[in-house]
Amino acid sequence: PRNAERGADGVVRLAGVDVRELAETYGTPLFVMDEDDFRARCREHATAFGDPALVHYASKSFLSVEIARWVADEGLSIDVCSGGELAVVLRADFPPERITLHGNNKSVAELAEALDAGVGAIVVDSFHEIVRLDRLARDRGVVAPVLIRITVGVEAHTHEFIATAHEDQKFGFSLAGRDAAEAARRVIKAGNLSLVGLHSHIGSQIFDADGFEVAAHRVIGLLAELHAEHGPAALESLTTVDLGGGLGIAYTAQDDPPPPMWLADQLRAIVTKECEQAGLPVPKVAVEPGRAIVGPGTVTLYEVGTTKEVALGHGTGRRYVSVDGGMSDNIRTALYDALYDARLVSRASDEGERGGAAVLSRVVGKHCETGDVVVRDCWLPENLAPGDLLAVAATGAYCYSMASNYNRLPRPAVVAVRGGQARLLLRRETVDDLLRLEMT
Ligand code: LLP
């Protein structure tokens, strides 16, 4: 987070709030969000893309009612991809015209709820859905604004599970297989759908522009084809090209991600150039960042419970540091081999003092599973001890939102810090919460 500071006593303060107080008041593990960091990133994206409404916060990365309010406050749009996410956003009184519904298998109920709420756009992902949505819109006497999700055939250089635009995966209409052009044909013909945009999302945690450029190029290629086939009058409503999310963030000191301004400039330049060359009206360029907005400003606080030295042979060893959470609050290490770093934040370390050194450590959770690793390798002080607080940075995106109750652990609380004050956004689950679905 931008507002993290280590005092002379070695204790870290987040937006002026002492981490020891946070742990004391709210318990650990604890997600601590720097609200100003979140809002600053919203604004940076809004400035970069020229209009806050063109920046759709991808709520799957992290969502609560309060977060939706911040996003609304900053003028951004928001993406949801389930009825659950939609319900949270509506609870926040988010302006419906700035909500977009995503998903490759939205239920009839989800589509109906979105139409009834009057969302700004629905991104269609299959031929079945085009028929379904048209019928639901007709039943309601409305015209549904639709974007078509296109599979542009780009291999984003990221982990296989989070790359989404190569051909052999479940999302979107294939460009190469001509499904995208056919989808546009059917949407244009449908009586209760209005084609307002083309959509592509190539993957996540991306650091270079190449994939985005190819995607933009191919989307504009399709736009040109559609103009040739249908003429400008049929496409008057098609004013937006949404190039999805995916801008990477720094998880460790080694990462050096580009700023949103850079991405915006690249994307706008290529869209403008190609449209002008093809004699097409230049569409607005929208994006859907999740991680780049919410990821960097959040840390997870854990308390150290035990440490253990394990001999690896040849005189080497590894220190296992067990904390009070794990794969239930951060599955990313286990699932994607994600890299994180952990720091001692509750006191000064012994490093450099009295001969103290940093020890190569593995931070592990408390789950009954060997793969329950939070940080694979990090350097922590030799005298690390039970009761010390560790912070893992950049845990704002896809940690809480993918949290589980594995081993019946209650999900952690989430607090926001700002100007020396902490505020609870989501309370910690209790044992009663864990038992609430039981029928006996
Ligand atoms: N738009 C669409 C259509 C998406 O599918 C996603 C992410 C985003 C936007 C936001 O992407 P972002 O800017 O946050 O990278 N659980 C994985 C990431 C899965 C992302 C799924 N879709 C992780 O923990 O890395």
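Residues numbered from 1 in each chain as written. Predicted model: local features only at pLDDT ≥ 70, side-chain atom pairs only at ≥ 80, totals over all residues.

Colleague: In this structure, what is going on with the overall build of the protein? I would like to understand it.
Modeller: Check the secondary structure of the protein and you find 12 helices and 21 strands. In terms of overall dimensions, the protein is globule-like: its C-alpha atoms have a radius of gyration of 24 Å, near the 22 Å expected for 440 residues. Across its three principal axes, the protein shows a C-alpha extent of roughly 75 × 55 × 45 Å. By the burial criterion, 46% of the 440 residues in the protein qualify as buried. (Helix = DSSP H or I, 4+ residues; strand = E, 2+ residues; numbered from the N terminus. Rg over C-alpha atoms; globule rule 2.2 N^0.38 Å. Buried ≥ 20, exposed ≤ 12 C-beta atoms within 10 Å, placed from the backbone.)

Colleague: Would you mind going over the site of the ligand with me for this structure?
Modeller: Residues in contact with the ligand amount to 22 residues; listed here are only the nearest, Ala58, Ser204, Gly245, Gly290 and Tyr398. Partitioning the shell around the ligand into residue classes produces eight nonpolar, nine polar and five charged. Split by domain, the residues of the shell around the ligand number at least three in each of domain 1 (4–32 + 297–435) and domain 2 (50–294). (Near = placed C-beta within 6 Å. Nonpolar A, V, L, I, M, F, W, Y, C, P; charged D, E, K, R; others polar. Domains from an automatic or database assignment.)

Colleague: Would you mind showing me how to read the UniProt feature "binding site: substrate" (unreviewed entry) in the protein here?
Modeller: The sites that carry the UniProt feature "binding site: substrate" (unreviewed entry) are, in the present numbering, Arg291, Arg332, Tyr336, Glu369 and Tyr398. On the basis of their most widely separated C-alpha atoms, the annotated residues across 108 residues do not gather in one place, lying as much as 27.2 Å apart. Positionally, glutamate 369 belongs in the loop between strand 17 (358–364) and strand 18 (373–381). Given 13 C-beta atoms within a 10 Å radius, glutamate 369 is considered partly exposed. You can see tyrosine 398 is positioned in the loop between strand 19 (389–393) and strand 20 (413–418). Exposure remark for tyrosine 398: the 25 C-beta atoms within 10 Å place this residue in the buried category. Setting aside residues no more than four positions away along its own chain, tyrosine 398 makes contact with Ser61, Arg291 and Arg332. (UniProt positions renumbered as here; feature names shortened; annotations may be inferred. Contact = placed C-beta atoms within 7 Å.)

Colleague: Where do I start with the sheet that holds strand 3 (residues 17–18) in this structure?
Modeller: Whether parallel or antiparallel, the strands of a sheet pair through hydrogen bonds between backbone atoms. With antiparallel pairing, the three strands of this open sheet are ordered in space as 1-2-3. For this open sheet the edge positions go to strand 1 (4–6) and strand 3, each flanked by a neighbour on one side alone. With three bridges joining them, strand 1 and strand 2 (residues 12–14) adopt antiparallel strand pairing. Paired with arginine 6 across the two strands is valine 12, which belongs to strand 2. (Pairing = 2+ DSSP bridges.)

Colleague: Would you mind showing me how to read the UniProt feature "active site" (unreviewed entry) in the protein here?
Modeller: When the UniProt feature table is mapped onto this chain, "active site" (unreviewed entry) is found at Cys368. For cysteine 368, the position within the fold is in the loop between strand 17 and strand 18.

Colleague: Is there a simple way to explain the environment of arginine 20 in this structure?
Modeller: In this fold, arginine 20 is placed in helix 1 (residues 19–26). Remark: the alpha-carbon pair of arginine 20 and valine 345, spanning 325 residues in sequence, is separated by 8.5 Å. Residue contacts for arginine 20: discarding those within four places in its chain leaves Val11, Ser346 and Leu389.

Colleague: Got a minute to help me understand the pairing of strand 19 in this structure?
Modeller: As a general feature of sheets, a regular strand has side chains that alternate between the two faces. Along strand 19, five of the five residues are buried, which leaves the element largely enclosed by surrounding structure. Both faces of strand 19 are covered, namely the face carrying Leu389, Ala391 and Ala393 and the face carrying Leu390 and Val392. The pairing of strand 14 (residues 298–313) with strand 19 spans five bridges and is antiparallel. In the sheet register, threonine 300 faces strand 19, and the bridge partner there is valine 392.

Colleague: Would you take a moment to explain the pairing of strand 21 (residues 421–426) for this structure?
Modeller: Pairing of strand 20 with strand 21 involves five bridges; the strand directions are antiparallel. Residue pairing across strands places alanine 416 opposite arginine 423, the latter belonging to strand 21. Count of turn residues in the strand 20/strand 21 antiparallel hairpin: two residues, of which glycine 419 carries a positive phi of about 50°.

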